[in-house]
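# Architecture and fold: a report
Chain by chain, the residues:
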Amino acid sequence: LAYCESLSYAGKTDWRLPNVNELHSIATYELNPELQTDFPDLGSDFYWTSTTNANVIENAWVVEFKYGIIKPELAKDENINAIYTMCVRDGN
C-alpha cells in the first residue's frame, strides 16, 4: 500500500493499490500469460490487493493470476510466497 501511494512513475503520482475486484477482473483465468494483450508481462503469480480479510483485518487479500483465484488465507508473513505489487491509477 505504501509503495503504490509513494510511487512516482511516468510523470504521475496518483498511484494506488487496486482492490480485490479490480485485480480479479484482469486475471488470466488459465490463459497463457503471453496471450494476454492488456498486460503481456504478467505471470501466474500472486498480487496484493487493498482489500483486507474481514476475519483477520491485518491480512490483505491477494489474487493469483493464472486461475483468477482470490486468496485471503495465503501466508503473507515476511512475503514468503513472493507476492507482487501492481499499482493502478484512476483517470488519464
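Attention here is on the structure that accompanies the text. As the structure is a prediction and not an experimental result, all values here were calculated from the model. (Residues numbered from 1 in each chain as written. Predicted model: local features only at pLDDT ≥ 70, side-chain atom pairs only at ≥ 80, totals over all residues. Heavy atoms only, no water.)

### Description of the overall build of the protein chain
- Counting its secondary structure elements, the protein chain contains 2 helices and 3 strands.
- In sequence order, the secondary structure elements of the protein chain are arranged as α-α-β-β-β.
- For the protein chain, the residues scored as buried account for 30% of the 92 residues in total.
- If you take every contact in the protein chain between residues at least 6 apart in sequence, the share linking residues at least 24 apart comes to 51%.
- In the form shown here, the protein chain has an accessible surface area of approximately 6000 Å², with 51% of it arising from carbon and sulfur atoms. (Helix = DSSP H or I, 4+ residues; strand = E, 2+ residues; numbered from the N terminus. Buried < 20%, exposed > 50% of the residue type's maximum accessible area, 1.4 Å probe, protein only. Contact = heavy atoms within 4.5 Å. Areas by Shrake-Rupley, 256 points an atom, 1.4 Å probe, with all protein chains shown as cover.)

### Section: unusual backbone geometry
- With phi around 55°, alanine 10 is a residue other than glycine that occupies positive phi space.
- Along the chain, the position of alanine 10 falls in the loop between α1 (2-6) and α2 (20-24).

### Let's talk about the sheet that holds strand β1 (residues 46-52)
- Pairing within the open sheet is antiparallel, and its 3 strands lie in the order β1-β2-β3. One side of each edge strand has no neighbouring strand; the edge strands of this open sheet are β1 and β3 (69-71). On average, each strand axis in the sheet is tilted by 30° relative to the strand beside it, whichever way the strands run.
- Pairing geometry for strand β2 (residues 60-64) and β3, over 3 bridges, is antiparallel. Note on β3: the bridge partner recorded for glutamate 64 is isoleucine 69. (Pairing = 2+ DSSP bridges. Axes fitted to C-alpha atoms, helices over the stretch in contact; angles between N-to-C directions.)

### Focus: the nonpolar core
- Core analysis: the biggest nonpolar cluster contains 10 residues, these being Cys4, Leu7, Trp15, Leu17, Phe46, Trp48, Ala60, Val62, Ile83 and Cys87.
- The set of elements that each furnish at least two residues to this core consists of β1 and β2.
- Once residues within four sequence positions are removed from consideration, tryptophan 15 is found in contact with Cys4, Glu5, Leu7, Tyr9, Cys87, Val88 and Arg89.
- Core analysis: the next-biggest nonpolar cluster, separate from the first, contains 7 residues, Leu23, Ala27, Tyr47 and Phe65 among them. (Core = buried A, V, L, I, M, F, W, Y, C linked by side-chain atoms within 4.5 Å.)

### Describing the pattern of salt bridges
- In total, this model carries 3 salt bridges according to the counting rule given.
- In this structure, arginine 89 engages aspartate 14 in a salt bridge whose closest nitrogen and oxygen atoms are separated by 2.7 Å. In this pair, arginine 89 is assigned in the segment after β3 and aspartate 14 in the loop between α1 and α2, connecting sequence segments 75 residues apart.
- We classify arginine 89 as partly exposed; its relative accessible area is 21%.
- For aspartate 14, a relative accessible area of 40% translates into the label partly exposed. (Salt bridge = Lys/Arg side-chain N within 4 Å of Asp/Glu carboxyl O.)

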